[in-house]
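Structural characterization, general
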Amino acid sequence: MLVKIYPQNPNQKEIDRVVDVLREGGLVIYPTDTVYAMGCDALNVRAVEKICQMKGINPQKSNLSIICYDLSNLSEYAKVNNAAFKLMRRYLPGPYTFILPTSSELPKIYKKRKEVGIRVPDNSIIREIVKELGNPILTTSLRNEDEYIEYTTDPELIYERYEHQVDLVIDGGYGGTEPSTVVDCTTDEFQIIRQGKGEIVF
């Protein structure tokens, strides 16, 4: 299913349709403020496992990232100290992933690594979906270093490629090609571990 949603004014009926798919354990492809990404209800372990399998991600060796609506319920999913919270408040919503220690609320699949990436994209479509769902969304970008980039920016080409692998693709306009900037906040010395779209100053 390909669903058109306008970022300026997301249609509530279409948002609800996406949320229904996520509640049933479905996989969705959606726009962010960086690249198009694939995700599911972050608290639905079977759906998380399905995405990890599809993308060849080993959750015991790779950090998983989740999208939150804002920072208000962040402490449910990650342990965040004052310095990290101040930094995140300054830069979010925006094209950043902040790596933090996991909290006890996240399912066991996240806890092997003891760390989780937190995203609050500056994109009204995915944030409205997270807000309506009431849970964070596990997120993994479609962009691969070795693949032709056009299909990962054009929602119709994305749909052609993934229609048999995911339950729904959102057409939110053309996506970008530059991923988020990843900041490790698990120690007192914050560190940029991937420079992407977002500029950051500590």
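Refer to the preceding data block for the structure.
In this report, the structure presented in the accompanying data block is examined. Bear in mind that the values here come from a model prediction, so they are computed numbers and not experimental data.

1. What about unusual backbone geometry?
Following Leu 92, the chain continues to Pro 93 via a peptide bond in cis, the omega torsion being 0 degrees. Of note, Pro 93 is situated in the loop between helix H3 (82–91) and strand S5 (96–101).

2. Quick notes on helix H6 (residues 155–162)
Residue pairs three or four apart in sequence face the same way in an α-helix, which turns once every 3.6 residues. Considered for burial, the residues of H6 that qualify are Pro 155, Ile 158 and Tyr 162. Summarising the axial view, the buried residues of H6 lie within an arc of 55 degrees, below the 170-degree limit, and thus occupy one face. In this structure, H6 carries Glu 156 and Glu 160 as exposed residues pointing more than 90 degrees from its buried face. Of the surrounding elements, those touching the buried residues of H6 are strand S1 (2–4), strand S2 (28–30), strand S3 (37–41) and strand S8 (168–171). Where H6 starts, the residue carrying a side-chain oxygen 2.9 Å from the main-chain nitrogen of Glu 156 turns out to be Asp 154.

3. Focus: the pairing of S8
Burial along S8 is two-sided: Leu 168 and Ile 170 and Val 169 and Asp 171, pointing in opposite directions, are all buried. Pairing geometry for S1 and S8, over 3 bridges, is parallel. Residue pairing across strands places Val 3 opposite Ile 170, the latter belonging to S8. Across 2 bridges, S2 lies against S8 in parallel orientation. In the strand pairing of S8, Val 28 is matched with Leu 168.

4. Observations concerning the packing of aromatic side chains
Per the counting criterion, the structure on display carries 3 aromatic pairs. Members of the aromatic cluster, connected to one another through ring pairs, are Tyr 91, Tyr 96 and Phe 98. Above the face of the Tyr 69 ring, Arg 127 is positioned so that its terminal group lies 4.6 Å from the ring centre.

5. Quick word on the nonpolar core
Membership of the largest hydrophobic core comes to 42 residues, with the highest contact counts inside it found for Ile 29, Ile 66, Phe 98, Tyr 110 and Ile 118. Looking at this core, the elements that each hand over two or more residues are S3, helix H2 (45–55), strand S4 (64–67), H3, S5, helix H4 (108–111), strand S6 (115–119) and H6. What Ile 29 contacts, discounting residues up to four positions off in sequence, is Tyr 36, Ala 37, Met 38, Leu 142, Ile 158, Tyr 162, Val 166, Leu 168, Val 169 and Ile 170. Residues Ile 15, Leu 22, Val 28 and Ile 129 belong to the second largest nonpolar core, which totals 19 residues.

6. Some points on the sheet that holds S1
Two pairing modes exist for strands in a sheet, parallel and antiparallel, and in both the strands are linked by backbone hydrogen bonds. One open sheet holds the 10 strands; their spatial order is S1-S8-S2-S3-S7-S4-S6-S5-S9-S10, and the pairing between them is mixed. Looking at which strands have only one partner, the edges of the open sheet turn out to be S1 and strand S10 (191–194). Mean inter-strand twist for the sheet, computed between neighbouring axes without regard to direction, equals 35 degrees. When S4 meets strand S7 (residues 137–141), the two strands line up antiparallel, connected through 3 bridges. By the bridge assignment for S7, Ser 65 is matched with Thr 139. Contacting S1, S2, S3 and S8, H6 runs over the sheet at an angle of about 170 degrees to S8.

Definitions and limits used
- Residues numbered from 1 in each chain as written.
- Predicted model: local features only at pLDDT ≥ 70, side-chain atom pairs only at ≥ 80, totals over all residues.
- Heavy atoms only, no water.
- Helix = DSSP H or I, 4+ residues; strand = E, 2+ residues; numbered from the N terminus.
- Buried < 20%, exposed > 50% of the residue type's maximum accessible area, 1.4 Å probe, protein only.
- Arc of directions from axis to C-beta.
- Contact = heavy atoms within 4.5 Å.
- Polar contact = N/O pair within 3.5 Å; in protein donor to acceptor, adjacent residues only side chain to side chain.
- Pairing = 2+ DSSP bridges.
- Phe/Tyr/Trp six-rings, centres within 6.5 Å; stacked < 30°, edge-to-face > 60°.
- Lys NZ or Arg CZ within 6 Å of the ring centre and 35° of its normal.
- Core = buried A, V, L, I, M, F, W, Y, C linked by side-chain atoms within 4.5 Å.
- Axes fitted to C-alpha atoms, helices over the stretch in contact; angles between N-to-C directions.

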